[in-house]
Amino acid sequence: MLRDGASVNARPSSGIAERSGRLLPGGVSCQNCGVSATVPGVCPFEEDESMPADDILLDAEERMEKAVDVFRHALTGIRTGRANPGLVDSLRVEVYGSPTPIKALASVGAPEPNQIVVRPFDPGTIKDIEKAIQASDLGLNPQSDGRVIRITIPALSTDVRRKMTARIKELGEEARVAIRNVRRDANKAADTEKTDGTLTEDDCDSTKEEVQELTKKYEARVGDLAKAKEAEVMEQ
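Thresholds, definitions, all that
- Residues numbered from 1 in each chain as written.
- Predicted model: local features only at pLDDT ≥ 70, side-chain atom pairs only at ≥ 80, totals over all residues.
- Heavy atoms only, no water.
- Axes fitted to C-alpha atoms, helices over the stretch in contact; angles between N-to-C directions.
- Helix = DSSP H or I, 4+ residues; strand = E, 2+ residues; numbered from the N terminus.
- Parallel < 35°, antiparallel > 145°, perpendicular 65-115°, else oblique.
- Contact = heavy atoms within 4.5 Å.
- Nonpolar A, V, L, I, M, F, W, Y, C, P; charged D, E, K, R; others polar.
- Expected span 1.5 Å × (residues − 1).
- Buried < 20%, exposed > 50% of the residue type's maximum accessible area, 1.4 Å probe, protein only.
- Pairing = 2+ DSSP bridges.

Q: What exactly am I supposed to notice about the packing of helix H1 (residues 52-75) against helix H4 (residues 201-234) here?
A: The geometry of a pair of packed helices is captured by two quantities: the angle between their axes and the separation between those axes. Orientation of H1 relative to H4, taken along the N-to-C sense of each, is 10°, at an axis distance of 10 Å. In terms of axis orientation, H1 runs roughly parallel to H4. On the side of H1, the interface is formed by Ala53, Ile56, Leu57, Ala60, Glu61, Met64, Glu65, Val68, Phe71, Arg72 and Leu75, while H4 contributes Thr207, Glu210, Val211, Leu214, Thr215, Lys217, Tyr218, Arg221, Val222, Leu225, Ala226 and Lys229. Residue classes in the contact of H1 with H4 are distributed as 14 nonpolar, 2 polar and 7 charged.

This is how it looks when you write it as structure tokens:
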């Protein structure tokens, strides 16, 4: 309720709104709900109004987006016939008393299509970085001159390409499972809100339909990323 006799010209809010209970300066409209206060006051639509359906959908979308991000990051560790800094920059090096990603210790680039170059910020870490690359399961053979590490990316055999493609499919399925788990949780939350009386049966069904649309959207993103990576692996 507005304070000190404030009057408003309000219109209903729509979409996902963030309620903060901020004071509205006189004559300024609330960005959330369109309230215009003639004198300072609190937006009446910001108090005691919950939007459980929107909360459920927002949470589901954020978690599905994270699942796609995890998949996208995992793909950077898949070998292709091309030099890709992402192949090694996240490898962890035991240095300074803790495992540290290479990208925090050196600049990593690909000046040539088949070569990765690692330039340590501290030359004293070069041997540790070299060992970490050798110890990885990437099958790479780093060469150091004491200042810079050069890694030649060998051409992939047909057998290796098939294995990399199979790994991409495996990672893609893991991402889809994660997205479906989010769908399960969101549907369960909608059922709980319906049981508690916060959502009507129609609103619950509508929420589940929107969750399914989000699921299809993010599964499609996973499919697109996987398809592009597979094409890159199989490229001669």
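Q: In this structure, what is going on with the packing of H1 against helix H3 (residues 158-196)? I would like to understand it.
A: The N-to-C vectors of H1 and H3 enclose an angle of 170°; their axes lie 10 Å apart at closest approach. On the basis of their axis angle, the class for H1 and H3 is roughly antiparallel. Broken down by class, the residue content of the contact of H1 with H3 amounts to 18 nonpolar, 1 polar and 4 charged.

Q: Can you walk me through H3 in this structure?
A: Three- or four-residue spacings in an α-helix give side chains the same orientation, since the helix completes a turn every 3.6 residues. For H3, built from 39 residues, the straight-helix expectation of 57 Å at 1.5 Å per residue is met to within 8% by its first-to-last C-alpha distance of 57 Å. All of the buried residues in H3 are Arg161, Met164, Thr165, Ile168, Leu171, Gly172, Ala175, Ile179, Val182, Ala186 and Ala190. Among the structural elements, H1 and H4 are those in contact with the buried residues of H3. Gly197 occupies a position one or two residues after H3 and carries a positive phi of about 85°.

Q: Would you take a moment to explain the pairing of strand E6 (residues 98-101) for this structure?
A: As judged from the 4 bridges shared by strand E5 (residues 92-95) and E6, these two strands associate in the antiparallel manner. By the bridge assignment for E6, Arg92 is matched with Pro101. Linkage of E5 to E6, two consecutive antiparallel strands, is achieved through a turn of 2 residues, within which Tyr96 is found at a positive phi near 55°.

Q: Help me out: how do you make sense of unusual backbone geometry in this one?
A: When glycine is set aside, most residues are seen to have a negative phi, and most peptide bonds are trans. One non-glycine residue, Tyr96, adopts positive backbone phi at about 55°. The residue Tyr96 is located in the loop between E5 and E6 in this model.

Q: Help me out: how do you make sense of the environment of Ser157 in this one?
A: Note on placement: Ser157 falls in the loop between strand E10 (149-152) and H3. Looking at Ser157, the relative accessible area reads 37%, which means it is partly exposed. Sequence separation between Ser157 and Gly81 is 76 residues; the distance between their C-alpha atoms is 9.4 Å.

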